[in-house]
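Coordinate inspection notes
Okay, here's what each chain looks like letter by letter:
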Amino acid sequence: THEAIFPILRLILPKLDRERQSYNMKESKIARVLIKMLALSAGNDKNVLSRSYLMSGQASDFGDVVYSVIRKYLSHCKTTLSIHELNTSLNEMANRNNEAEAEEILMKIFKKCSPEDCR
């Protein structure tokens, strides 16, 4: 049925989703949230995430860079995020009022995902 497949399609084809507004999130913001979530101190992994958005579109893919860092810290994590929860969170992200809310929503999503889901 349409109701069953639509939540999956809107995740697979986000550019065709006309019901949800843009998230207005750049790689730099996502990297900052991940650094905060993982409590990364100054060092290699923090530097990799901090600079990865500068490399996006070049030799490395942002998702691969994120995966290479977070798999070290979250390798034991199992996904507990359902498609419904993800779509609800993405709706919240699109309709948020400020950047603090964006961080909170991203943190909630990332804490329920395995490293492979963030790739």
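Residues numbered from 1 in each chain as written. Predicted model: local features only at pLDDT ≥ 70, side-chain atom pairs only at ≥ 80, totals over all residues. Heavy atoms only, no water.

1. Some remarks on the environment of Arg 32
The line we're drawing: For helices the rule is a DSSP run of H or I covering at least 4 residues; for strands it is a run of E covering at least 2, with both sets numbered from the N terminus onward. A simple rule labels every residue: compare its accessible area, found with a 1.4 Å probe on the protein chains alone, to the largest value its type can have, and call it buried under 20%, exposed over 50%, or partly exposed in between.
Considering the arrangement of structural elements, one finds Arg 32 in helix α2 (residues 27-38). Judged by its relative accessible area of 48%, Arg 32 falls in the partly exposed class. Sequence-wise, Arg 32 and Lys 46 are 14 residues apart; in three dimensions their C-alpha atoms are separated by 9.1 Å.

2. Details of the packing of helix α5 (residues 83-94) against helix α6 (residues 99-111)
This is how it is decided: Convention adopted: a line fitted to C-alpha atoms gives each axis, helices being fitted over their contacting stretch, and angles between N-to-C directions are expressed from 0 to 180 degrees. Should an angle lie under 35 degrees it is considered roughly parallel, over 145 roughly antiparallel, and from 65 to 115 roughly perpendicular; all remaining angles are considered oblique. Handedness of a helix crossing follows the sense of rotation of the near helix relative to the far helix, less than a right angle counterclockwise being left-handed and clockwise being right-handed. Any two residues whose heavy atoms approach within 4.5 Å are treated as being in contact. Residue type decides the class: Asp, Glu, Lys and Arg count as charged, Ala, Val, Leu, Ile, Met, Phe, Trp, Tyr, Cys and Pro as nonpolar, and the leftover types, Gly among them, as polar.
Running from N to C, α5 and α6 cross one another at 165 degrees; their axes reach a closest spacing of 9 Å. On the basis of their axis angle, the class for α5 and α6 is roughly antiparallel. You can see that α5 and α6 cross each other, and the crossing is left-handed. In this structure, α5 contributes Leu 86, Ser 89, Leu 90, Glu 92 and Met 93 to the contact, and α6 contributes Ala 102, Ile 105, Leu 106, Lys 108 and Ile 109. Of the residues in the contact of α5 with α6, the class split is 7 nonpolar, 1 polar and 2 charged.

3. So, the nonpolar core
How we decide: Nine residue types can take part in a nonpolar core, namely buried Ala, Val, Leu, Ile, Met, Phe, Trp, Tyr and Cys, and a core is a set of them joined through side-chain atoms within 4.5 Å.
In terms of nonpolar packing, the biggest core is built from 24 residues, with Leu 34, Met 37, Leu 38 and Leu 49 touching the most fellow members. Going through the elements one at a time, α2, α4 (62-74), α5 and α6 are the ones with two or more residues in this core. Once you skip the residues sitting within four places of it in the chain, Met 37 turns out to touch Leu 74, Met 107, Phe 110 and Lys 111.

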